[in-house]
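What follows is each chain in one-letter form.
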Protein chains: 2
Amino acid sequence: MPVLVVGSIALDTVKTPIAEHADLLGGSASYAAVGASFFTPVNLVGVVGDDFPKAHIDYFGSRQIDLAGLQVVPGKTFRWSGEYMWDLNTRETRSVELNVFEHFNPTLPDHYKATPYLLLANIGPNLQNHVLDQMTRPRFIIADTMDLWINIALDELLRLLKRVDMLILNDGEARQLTKETSLIRAGARIRAMGPKYVVIKKGEHGSLLFGDGQFFSCGAYPLEDIHDPTGAGDTFAGGLAGYLAAHDASIPLAAQPTSASGPVDIPWNTLCKAVVQGSVLASYNVEAFSLERLRSLTEEDIRTRYEVFRTMSHFEQLA
Amino acid sequence: MPVLVVGSIALDTVKTPIAEHADLLGGSASYAAVGASFFTPVNLVGVVGDDFPKAHIDYFGSRQIDLAGLQVVPGKTFRWSGEYMWDLNTRETRSVELNVFEHFNPTLPDHYKATPYLLLANIGPNLQNHVLDQMTRPRFIIADTMDLWINIALDELLRLLKRVDMLILNDGEARQLTKETSLIRAGARIRAMGPKYVVIKKGEHGSLLFGDGQFFSCGAYPLEDIHDPTGAGDTFAGGLAGYLAAHDASIPLAAQPTSASGPVDIPWNTLCKAVVQGSVLASYNVEAFSLERLRSLTEEDIRTRYEVFRTMSHFEQLA
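Structure report, in brief. Remember, it's a predicted structure, so these values are computed and weren't measured experimentally.

Moving on: the sheet that holds strand E8 (residues 117-120) of chain A. Residue and element names in this part refer to chain A. Spatial ordering of the open sheet is given by E5-E4-E1-E8-E9-E10-E11-E12-E13, a layout of nine strands whose pairing is mixed. Looking at the sheet topology across the chains shown, the edges are occupied by strand E5 (65-73) and strand E13 (215-218). Between one strand and the next, the sheet's axes are offset by a mean angle of 15 degrees, whatever the strand orientation. Where strand E11 (residues 197-201) lies against strand E12 (residues 207-210), four bridges are found, and the strand directions are antiparallel.

Right, here's the structure in full:
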């Protein structure tokens, strides 16, 4: 089944302690859509200016990404510039030019409106709500967010949380949103705000999945060299959403919605596998700048690293 | 098989944002010996003053802990006082009184000298080396350390590293010792300093075990309430060492040393299970001040939480 991905599409300038590159393909929707496309067809919603390189659009098109929802409008593409500190864990935004993104009004083509899986990648929660307003209730709705929206658009974000099935955010954001220092308490508190599932990303420490009385702890792939952390979280969300959509057929009949449109009850085991697949894609993505590593990534690569995740997390029962 | 545990025995005064307690049983050897005693007999080496409550000695004696190596000398017991900040992750040492510990010269009773498993719990590396000097080469040697020794006794610590099979330290200490920001690189670098195995503890993020081309990532038990983190690392080390010693019989014949005394080749799977058991004990220990929670802990409790660790880390193979 396809997944609709909405978010930002950007041209990034990224500086790390090792290198600096300008006008790279970036933005939450770019990473998330390409990530999801490893598993399932994607309906992309976003906006770019008329300066956006055709090569990038061709790249999206070369994946199983529908571009009917991609608006190309007069003006300049959204631009972001950031710098990573020596440990690659801290990032400073150097500049943001909203450009055509400032007046972005995501309007869904008719054939997008019943897309069964929805990933609201990181953009303002008002736009996330606006996209959701246009849709038949998807079978599963995932939202990503960031500290900025917790700071400047909390009410709109809280309204969104009541409408989604899963929220993805990082550890600092989870603490910021709940004022809880314990991530375990934070996960439970966010679930009480609406989403049935919460994923807390912990960077080099992996991620945590919270459900109803259920908990999954996923380690991080042991990377020695990280070249560019940009887009890791977006790629994670895209891979997770794409894997879920691709495995919709594994949902048992008893867990199907009673009405034609309504949330499905995805098996816990499938959710855990999706978190691992998101982690696999993100771990590859940070090995190179922009989406470079994803361009050459194969299904075999993904399977291989998934097995490493299994091996490194495995221990036997007690005798 | 028994494990010899050497380290500090202290009376602690601990302040958390919730409570403050004085003159609690503490010290690395206390936590480690009691932790190990859940799995195997312990030979304890340490020193206390004549003010040390007989009730604590009786408690050690009530476990399977041999006290022939416990020196009771005239003077006051080592005292430590610390305060935890609001998030319980940062700790400030308020005072340290070495007292009888200042002239501690660990001397092994003869029947300790061939103890097959050795845990050099956190004390100065000069004392750790001195204990090792008195022993027939144990089948497996584990050392714990802390930032203080990396700062003031680095040469002695580096000498120790060449003599031990496993080093346990926390993430900050691993970075401090190697000047590497990546824990994956740090683990590899420490292995190159001597120990065949390295365990990096990450507090609420779990722990990492590094071997020769092998890697295990262990999550942390999802605790909502932590009452006192003191001794978590020592209990972890004790549980890990105790579990290994108790399961020595599982080492295959081919992995036995060729000479009468020499290191054994513990199966990777046993090492991973030992890391989980250490995590289980540590997770219980932080639920109450001092060793209070360990006093009531049962074998059944340990098995139950081990299974939770398995469940929360488990995900299936790809179809």
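With the rule as written, the count across this model stands at 44 salt bridges over all chains. Across the salt bridge formed by Arg185 of chain B and Asp225 of chain A, the nearest N and O atoms sit 2.8 Å from each other. You can see Arg185 of chain B sitting in helix H7 (residues 183-192) and its partner Asp225 of chain A sitting in the loop between E13 and helix H8 (232-246), one on each of two chains. Residue class for Arg185 of chain B comes out partly exposed when judged on its relative accessible area of 27%. Among the residues examined, Asp225 of chain A registers a relative accessible area of 41% and is labelled partly exposed. When the shortest N-O distance is used, the salt bridge between Arg310 of chain B and Glu307 of chain B registers 3.7 Å. In this pair, Arg310 of chain B and Glu307 of chain B both sit in helix H11 (residues 299-313), three residues apart, roughly one turn of the helix. Note on Glu307 of chain B: relative accessible area 32%, which makes it partly exposed.

Between the two copies of this chain, the relationship is a rotation about some axis together with a displacement along it. Each copy superposes on the other: chain B lies on chain A with an RMSD of 0.0 Å after a rotation of 180 degrees and an axial shift of 0.0 Å. Such values leave the two copies arranged in the relation of a two-fold axis.

Under the counting rule described, the total for this entry stands at 22 aromatic pairs over all chains. Ring centres of Tyr117 of chain B and Phe140 of chain B lie 6.4 Å apart, and the angle between their planes is 35 degrees; on these two criteria the pair is classed as tilted. Taken together, the residues span a long stretch of sequence, with Tyr117 of chain B in strand E8 (residues 117-120) and Phe140 of chain B in strand E9 (residues 140-144) at a distance of 23 residues. Under the relative-accessibility criterion, Phe140 of chain B is labelled buried at 1%. Members of the aromatic cluster, each reached through a chain of ring pairs, are Tyr117, Phe140, Tyr197 and Trp268 of chain A. The positively charged end of Arg295 of chain A is found above the aromatic ring belonging to Tyr59 of chain A, 4.2 Å away from the centroid.

Taken together, the contact between chain B and chain A spans 38 residues of the former and 38 residues of the latter. Here chain B and chain A share an interface that buries about 3800 Å² over both sides, 55% of which is from carbon and sulfur atoms. Contact with chain A buries area across many residues of chain B, yet His205, Phe315 and Leu318 of chain B alone supply 20% of it, more than any other trio. In this assembly, chain B and chain A are joined by four salt bridges. One can count 20 residue pairs in polar contact (both at pLDDT 80 or more) joining chain B with chain A. Looking at the side of chain B that touches chain A, the elements that each hand over two or more residues are H7, strand E13 (215-218), helix H9 (268-285) and H11 of chain B. Counting residues per element, the side of chain B that touches chain A draws most heavily on H11 of chain B, which supplies seven residues. Looking at the side of chain B that touches chain A, its residues break down into 16 nonpolar, 10 polar and 12 charged.

What follows concerns the packing of helix H1 (residues 28-36) of chain B against helix H8 (residues 232-246) of chain B. Residue and element names in this part refer to chain B. Packing of H1 against H8 leaves a shortest axis separation of 7 Å and a crossing angle of 35 degrees. In the crossing of H1 with H8, the sense of the turn from one axis to the other is right-handed. Here H1 contributes Ser28, Tyr31, Ala32, Gly35 and Ala36 to the contact with H8, which in turn contributes Asp234, Thr235, Gly238, Gly239 and Gly242. Grouping the constituent residues of the contact of H1 with H8 by class yields three nonpolar, six polar and one charged.

Two modes of strand pairing occur in sheets, parallel and antiparallel, and in both the strands are linked by backbone hydrogen bonds. Residue and element names in this part refer to chain B. Spatially, the nine strands line up as an open sheet ordered E5-E4-E1-E8-E9-E10-E11-E12-E13, and their pairing is mixed. Edge positions in the sheet fall to strand E5 (65-73) and E13, since each of these pairs with one other strand and no more. Across this sheet, the average inter-strand angle for adjacent strands is 15 degrees, counted without regard to direction. Alignment of strand E1 (residues 3-6) against strand E4 (residues 42-49), held across four bridges, turns out to be parallel.

One finds Met166, Leu209 and Leu240 of chain A to be the most contacted residues of the largest nonpolar core, which totals 102 residues. Of all the elements, helix H9 (residues 268-285) of chain A adds the most residues to this core, at 10 residues. Sequence-distant contacts of Leu209 of chain A, defined by excluding residues within four places in its chain, comprise Met166, Tyr197, Val198, Val199, Gln214, Phe215, Phe216, Trp268, Leu271, Cys272 and Val275 of chain A. Membership of the second largest hydrophobic core comes to 101 residues, among which are Phe78 of chain A together with Phe60, Cys218 and Ala255 of chain B.

A word on the environment of Ser28 of chain B. Residues and elements named next belong to chain B. Among the structural elements, Ser28 can be located in helix H1. Expressed as a C-alpha distance, the spacing of Ser28 and Ala10, which sit 18 residues apart in the sequence, is 8.2 Å. Those residues in contact with Ser28, other than ones at most four positions away along the chain, are Gly7, Ser8, Ala121, Asn122 and Asp234.

Thresholds, definitions, all that
- Residues numbered from 1 in each chain as written.
- Chains lettered and ligands numbered in written order.
- Predicted model: local features only at pLDDT ≥ 70, side-chain atom pairs only at ≥ 80, totals over all residues.
- Heavy atoms only, no water.
- Pairing = 2+ DSSP bridges.
- Helix = DSSP H or I, 4+ residues; strand = E, 2+ residues; numbered from the N terminus.
- Axes fitted to C-alpha atoms, helices over the stretch in contact; angles between N-to-C directions.
- Salt bridge = Lys/Arg side-chain N within 4 Å of Asp/Glu carboxyl O.
- Buried < 20%, exposed > 50% of the residue type's maximum accessible area, 1.4 Å probe, protein only.
- Least-squares fit on C-alpha atoms with pLDDT ≥ 70 in both.
- Phe/Tyr/Trp six-rings, centres within 6.5 Å; stacked < 30°, edge-to-face > 60°.
- Lys NZ or Arg CZ within 6 Å of the ring centre and 35° of its normal.
- Contact = heavy atoms within 4.5 Å.
- Buried area = accessible area lost by both parts, 1.4 Å probe.
- Polar contact = N/O pair within 3.5 Å; in protein donor to acceptor, adjacent residues only side chain to side chain.
- Nonpolar A, V, L, I, M, F, W, Y, C, P; charged D, E, K, R; others polar.
- Left-handed = near helix turned anticlockwise from the far one by under 90°.
- Core = buried A, V, L, I, M, F, W, Y, C linked by side-chain atoms within 4.5 Å.

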